[in-house]
Amino acid sequence: MRMTKLMAASSFATPCANAAAQPVGFLERLGGTDQRQLMALGERVAYAAQDILFKQGMPAGRCFSVVEGLVCLYRTELNSRRQITGFALPGDILEIATQGHHDVSAAAIGPALVWEIPREKFALFASHRPYVLSEIVTLMAAEIADAHDKMFSLGRRAAEEKLTVFLTSWRDRLVRLGRDVDLLPVPMSRRDIADHLGLTVETVCRTLAKLERRGVLEILPGRIRLLDSEAAAAPAFA
């Protein structure tokens, strides 16, 4: 069945133990001197697919930022069900653990390179640079706004709309990173998508197949071509 090809790793799964990788996102916004000093205080750590970076509830002794690859953030409920809260791309800070422990778990979707720094070193660095603290506050505000947008965008929408919103939002994030999205890379599995959207794997497979039959998208190995992303929302407003 063609649907299983969604699980291909695409361009995100290239080896990423590349020490020459350039910082992006929060690190990129720092001045050259500050950037070099801060980068020297941390280290780049390579993770294989499915490796756990940290677990929910564990003491948060380090700060993390994705350099290459894709990392999913998730919470585990009492019934052991996993809820993926987001997918972190290069430049994203994985979590600002203000309570001293991790509120979520993090795992690499494919091979990933992550910059890590002890919290104490980062706090000392930022304490002498008020503008760094200002950037952190801005980042936290953006994360809260993004979480609210996701709640509003997904909410109680039907499966077709949820998938369309997810795919178009994913496409827009890759565009901001300068990625080629004509053939949209989809490195996460159907299970990952289901756990993110609050759907079952069967519903994700069935809905993607339905959208393909309607000409909304085309499923390719490890990628999806969006053909008419607005058409999926039409039934909800008819």
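Please refer to the structure placed before this passage.
Predicted model, so just to flag it, every value in this text is computed and none were measured.

Colleague: Help me out: how do you make sense of the overall build of the protein chain in this one?
Modeller: Per the secondary structure count, the protein chain includes seven helices and ten strands. Out of the 238 residues belonging to the protein chain, those deemed buried represent 45%. For the protein chain, the computed accessible surface area is about 12300 Å², with 55% contributed by carbon and sulfur atoms.

Colleague: Which parts of the structure should I look at to understand the packing of aromatic side chains?
Modeller: Between two aromatic rings, the relevant description is the distance of the centres plus the angle of the planes. Applying the stated rule across the entire model yields two aromatic pairs. For the ring pair Phe54 and Phe64, a centre distance of 4.9 Å and an interplane angle of 45 degrees mean the geometry is tilted. Remark: Phe64 occurs in strand β3 (residues 62-68) and Phe54 occurs in strand β2 (residues 52-54); sequence separation between them is ten residues. Note on accessibility: Phe54 and Phe64 belong to one class, buried.

Colleague: Explanation requested: the sheet that holds β2 in the structure shown.
Modeller: Across a sheet, paired strands are connected by hydrogen bonds in the backbone, their directions being either parallel or antiparallel. Sheet architecture is open: four strands sit in the order β2-β6-β4-β5, paired in antiparallel fashion. On the outer flanks of this sheet lie β2 and β5 (82-88), each paired with one strand and no other. Taken over all neighbouring pairs, the strand axes of this sheet differ in orientation by 30 degrees on average, direction set aside. Where β2 and strand β6 (residues 105-108) come together, two bridges link them in antiparallel fashion.

Colleague: How do you make sense of the packing of helix α4 (residues 159-176) against helix α5 (residues 190-197) when you look at a structure like this?
Modeller: Angle between the axes and distance between the axes are the two parameters that describe a pair of packed helices. Put simply, α4 and α5 touch, their axes get as near as 11 Å, and they point 110 degrees apart. With respect to each other, α4 and α5 are oriented roughly perpendicular. Listed contacts from α5 to Lys162, Leu163 and Phe166 of α4 are Ile193, His196 and Leu197. Across the contact of α4 with α5, the residue classes break down as four nonpolar, one polar and one charged.

Colleague: Got a minute to help me understand the packing of α4 against helix α6 (residues 201-213) in this structure?
Modeller: At a minimum axis distance of 10 Å, the contact between α4 and α6 shows a crossing angle of 80 degrees. Here α4 is positioned roughly perpendicular relative to α6, judged by the angle of their axes. Contacts between α4 and α6 involve Ala159, Glu160, Leu163, Thr164 and Leu167 from the former and Thr203, Val204, Thr207, Leu208, Lys210 and Leu211 from the latter. Tallied by class, residues from the contact of α4 with α6 come to six nonpolar, three polar and two charged.

Colleague: Which parts of the structure should I look at to understand the environment of Gly57?
Modeller: Assignment of secondary structure puts Gly57 in the loop between β2 and β3. Owing to a relative accessible area of 49%, Gly57 belongs among the partly exposed residues under this scheme. Through-space distance from the C-alpha of Gly57 to that of Gly100 is 9.3 Å; in sequence the pair is 43 residues apart. Look past the residues within four positions of Gly57 in its chain and what remains in contact with it is His101 and His102.

Colleague: Would you explain the pattern of salt bridges in this entry?
Modeller: If the charged atoms of two oppositely charged side chains come close together, the side chains can form a pair. Tallying each qualifying case throughout the model produces eleven salt bridges. Close ionic contact of Glu160 with Arg214 constitutes a salt bridge, the shortest N to O distance being 2.4 Å. Here Arg214 lies in the loop between α6 and β9 (217-220) and Glu160 lies in helix α4, a separation of 54 residues in the sequence. Accessibility expressed as a relative area gives 36% for Arg214, which makes it partly exposed. Across the pair Asp172 and Arg171 runs a salt bridge whose closest N-O atoms are separated by 3.3 Å.

Colleague: Help me understand the sheet that holds β3, please; the structure alone is not making it clear to me.
Modeller: A sheet is described by the order of its strands in space; here three strands give the open sequence β1-β7-β3, paired in antiparallel fashion. Since the sheet does not close on itself, it has two edges, and those belong to β1 (43-47) and β3, each with one partner. Put simply, the sheet's adjacent strands are angled 35 degrees from each other on average, direction ignored. Sheet analysis places β3 next to strand β7 (residues 112-118), joined by six bridges and oriented antiparallel. Looking at the pairing, Val66 lines up with Val114 of β7. Set on the sheet, helix α1 (residues 32-41) makes contact with β1 and β7; between it and β7 the angle comes to about 90 degrees. Against the sheet, helix α2 (residues 119-127) engages β3 and β7, with an angle of about 70 degrees to β7.

Definitions and limits used
- Residues numbered from 1 in each chain as written.
- Predicted model: local features only at pLDDT ≥ 70, side-chain atom pairs only at ≥ 80, totals over all residues.
- Heavy atoms only, no water.
- Helix = DSSP H or I, 4+ residues; strand = E, 2+ residues; numbered from the N terminus.
- Buried < 20%, exposed > 50% of the residue type's maximum accessible area, 1.4 Å probe, protein only.
- Areas by Shrake-Rupley, 256 points an atom, 1.4 Å probe, with all protein chains shown as cover.
- Phe/Tyr/Trp six-rings, centres within 6.5 Å; stacked < 30°, edge-to-face > 60°.
- Pairing = 2+ DSSP bridges.
- Axes fitted to C-alpha atoms, helices over the stretch in contact; angles between N-to-C directions.
- Parallel < 35°, antiparallel > 145°, perpendicular 65-115°, else oblique.
- Contact = heavy atoms within 4.5 Å.
- Nonpolar A, V, L, I, M, F, W, Y, C, P; charged D, E, K, R; others polar.
- Salt bridge = Lys/Arg side-chain N within 4 Å of Asp/Glu carboxyl O.

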